[in-house]
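Listed below are the residues making up each chain.
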Amino acid sequence: MEENRRFPENFVWGAASSAYQAEGAYRADGKGLSVWDVYTHEPGHIFNGDTGDVACDQYEKFDTDLTIMKELGLQAYRFSINWPRVIPDGCGQVNEKGLDFYDRMVERLLENDIIPYITLFHWELPYGLYLKGGWLNRDIVQYFAEYVSVVIRRLSDRVRFWITENEPQCYIGAALHGGGHAPGLKVGEKDIFLAAHHSLLAHGSAVEVIRETAKTASVIGYAPASWHLWSPVSDLPEDIEACRRETFRAGDDPVGATSWWLDPVILGRYPETAGYPYEKYLPEIRPEDMKMISQPIDFIGMNVYQTYRGKADGEGNCVTVKALPGAAQTNAGWPVTPEALYWGPRFYWERYHKKLYITENGLSNQDWVSLDGKVHDPQRIDFLRRYLRKLREAVREGIPVEGYFHWALTDNFEWASGYSNRFGLVYTDFASQERIIKDSGQWYSRVISSNGEII
Ligand code: GCO
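Per-chain numbering applies: the sequence of each chain, read as written, is numbered from 1 onward. Reporting of local features is limited, given that this is a predicted model, to residues whose pLDDT is at least 70; pairs of side-chain atoms are given and counted only at 80 or more, and all residues count toward the totals for whole chains, interfaces and linings. Excluding hydrogens and water, the side-chain figures rest on all heavy atoms present in the structure.

Considering the UniProt feature "binding site: substrate" (unreviewed entry) in the protein
UniProt positions are given in the numbering used here, feature names are shortened, and annotations may be inferred rather than shown by experiment. Taking the numbering used here, the UniProt-annotated feature "binding site: substrate" (unreviewed entry) corresponds to Gln21, His122, Asn166, Tyr305, Trp407, Glu414 and Trp415. Elements are defined by DSSP. Helices are runs of H or I of four residues or more, strands are runs of E of two residues or more, and each kind is numbered from the N terminus. Structurally, Tyr305 can be placed in the loop between β7 (299-303) and β8 (308-312). Non-local contacts of Tyr305, meaning those with residues more than four positions away in its chain, are made with Trp334, Pro335, Thr337, Glu360, Asn361, Gly362, Phe383, Tyr387, Trp407 and Phe423. For this analysis, a polar contact is any N or O atom pair within 3.5 Å, provided that within protein one partner can donate a hydrogen and the other can accept it, and provided that sequence-adjacent residues contribute only side-chain to side-chain pairs. There is a polar contact of 2.6 Å between the side chain of Tyr305 and the side chain of Glu360. For Trp415, the location among the structural elements is in the loop between β11 (401-407) and β12 (426-428). Here, residues are in contact when the closest pair of their heavy atoms is within 4.5 Å. With residues up to four places along the chain from it excluded, the contact list for Trp415 reads Ser18, Tyr20, Gln21, Trp36, Ile46, His122 and Trp123.

Here it is as structure tokens:
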């Protein structure tokens, strides 16, 4: 009998974006500034001096992108709300025109049977709050709760799926520790852990607001970066165990570690960090803090692109195995390692027993418009075929991955690398704002309609 190559019948196929990377309209209709609006205007931070002032102009061209989503047969679309577009100063006065934009996005998506998955924070920190200390000021927990409350009041009658925060390793770690992300600070260890704690409290306050005020039964997730992932080079139990331990070890770079973010949210405690003297850096943790942080959520969002390879060294450690010379890499120089989409879900499920979505996966590719006017990207198709086959293995072993969001829908603003890294299923001509569905987009459309059978 033909083996069943399909994903589960209720598996959700989508694509993703984020506000600063796609919307543009950085000063339109009363929108306030975010730290990225300011940071990209400061010389030297962004490749080629690119900014997100216009990006994919999705503020004006959403209907164009919606038509493409419909043509691809997308079942869901993940996007973020730009906090200062809704509350220009980050706290206080609401900008109704900003809310109206997202209200219309939700309406248009639902009219086209596309489920909105909304990320409440994808790094768009209001500049006004940065000036009040940003994530270093515990008041941000209340400001975030107020912002979330405004969004939930307007959209939760039609939106069920929420992701509170995206990749704190970036907007705390990289942003405050000299990692090339806005606002581009280099604060001390103590402040990094303080900001991290506040961002976890803000996550908890958002869960509380959604649970208490949403007008429909909400499904809430949290999406840290999944780059701290080791996959075994063999199926030997000792190699698997060594990689599992390394994946969740918060050792020499706790704030970069997955467990630093997911253990408090799911397990209600910070992880052990063998060998790293982090205790002296931890901020004051008030009695109610861990309870606030670890309010139950419904899923973990996994942004998975790659994995290290590892094996046991015979002394209880995991040795990272170097890639072979000339191993496949993407345009961004990331290794092509499809096993990430098997071992990541498996290790997360075994530790947290929480449903999962792949909230980001894809690659940067050297895409351009060929003489025939099309965008041929066989590398992306091969990459996705390999990764999705590994994901299908995990799902068929019973690991509850509920859906997959390709990063990204269209080529967009890729942070410090500007527009030099194209991640889209859809090509964006940033001069004309024309869109061209790439070969991979046409292929992904068939993946969706066959529920994965063609991979
Ligand atoms: C991230 C962010 C996205 C990136 C994407 C490609 O994971 O870094 O969520 O905004 O653009 O991952 O780097």
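This is not the end of the story, as more comes after the structure.
Here's the deal with the side chain of Asp377
Along the chain, the position of Asp377 falls in the loop between β10 (355-360) and α14 (378-396). Overall, Asp377 belongs to the buried group, its relative accessible area being 0%. For Asp377, the side chain forms a polar contact with the side chain of Arg380, separated by 2.8 Å. The contact partners of Asp377, leaving out residues within four places of it in the chain, are Asn365, Asp367, Lys438, Asp439 and Ser440. Here the term buried applies to any residue with accessible area under 20% of the maximum for its type, exposed to any over 50%, and partly exposed to those in between, with areas from a 1.4 Å probe on protein chains only.

Details of the UniProt feature "active site" (unreviewed entry) in the protein
UniProt feature "active site" (unreviewed entry): in the numbering of this structure it lies at Glu167 and Glu360. These annotated residues cover 194 residues of sequence, and their C-alpha atoms all fall within 10.9 Å of one another, placing them together at a single site. With respect to the secondary-structure elements, Glu167 resides in the loop between β4 (161-166) and α8 (168-176). Since its relative accessible area comes to 8%, Glu167 is described here as buried. As for its placement among the helices and strands, Glu360 is situated in strand β10.

Digging into the sheet that holds strand β1 (residues 12-16)
Taking strand neighbours around the barrel as the criterion, the eight strands line up as β1-β2-β3-β4-β5-β7-β10-β11 in a closed arrangement whose pairing is parallel. Going from strand to strand, the sheet's axes swing by 25° on average, the running direction of each strand aside. Here β1 runs beside β11; their pairing, made up of five bridges, is parallel. Among the inter-strand pairings, Gly14 is bridged to a residue of β11, identified as Phe405. Only C-alpha atoms enter the line fits that serve as axes; for helices the fit covers just the stretch in contact. Angles between N-to-C directions range over 0 to 180 degrees. In this fold helix α9 (residues 189-213) packs onto β3 (115-121), β4 and β5 (219-223), with an angle of close to 165° to the strand it touches most, β4. In this scheme, strands are said to pair when DSSP sees at least two bridges between them.

A short note on the site of the ligand
A single heavy atom is enough: if one lies within 4 Å of a molecule or strand, its residue is considered near that molecule or strand. The environment of the ligand is formed by 13 residues, the closest being Gln21, Glu167, Tyr305, Glu360 and Glu414. Gln21 places a polar side-chain atom, nitrogen or oxygen, 2.7 Å from an oxygen atom of the ligand. Between the ligand and the protein, one listed contact pairs an oxygen atom with a side-chain N or O atom of Tyr305 at 2.7 Å. What sets the accessible areas is the Shrake-Rupley method with a 1.4 Å probe; for residues, cover comes only from the shown protein chains. Computed on the free molecule, the ligand has an accessible area of 320 Å², of which 94% lies beneath the protein chains in the complex.

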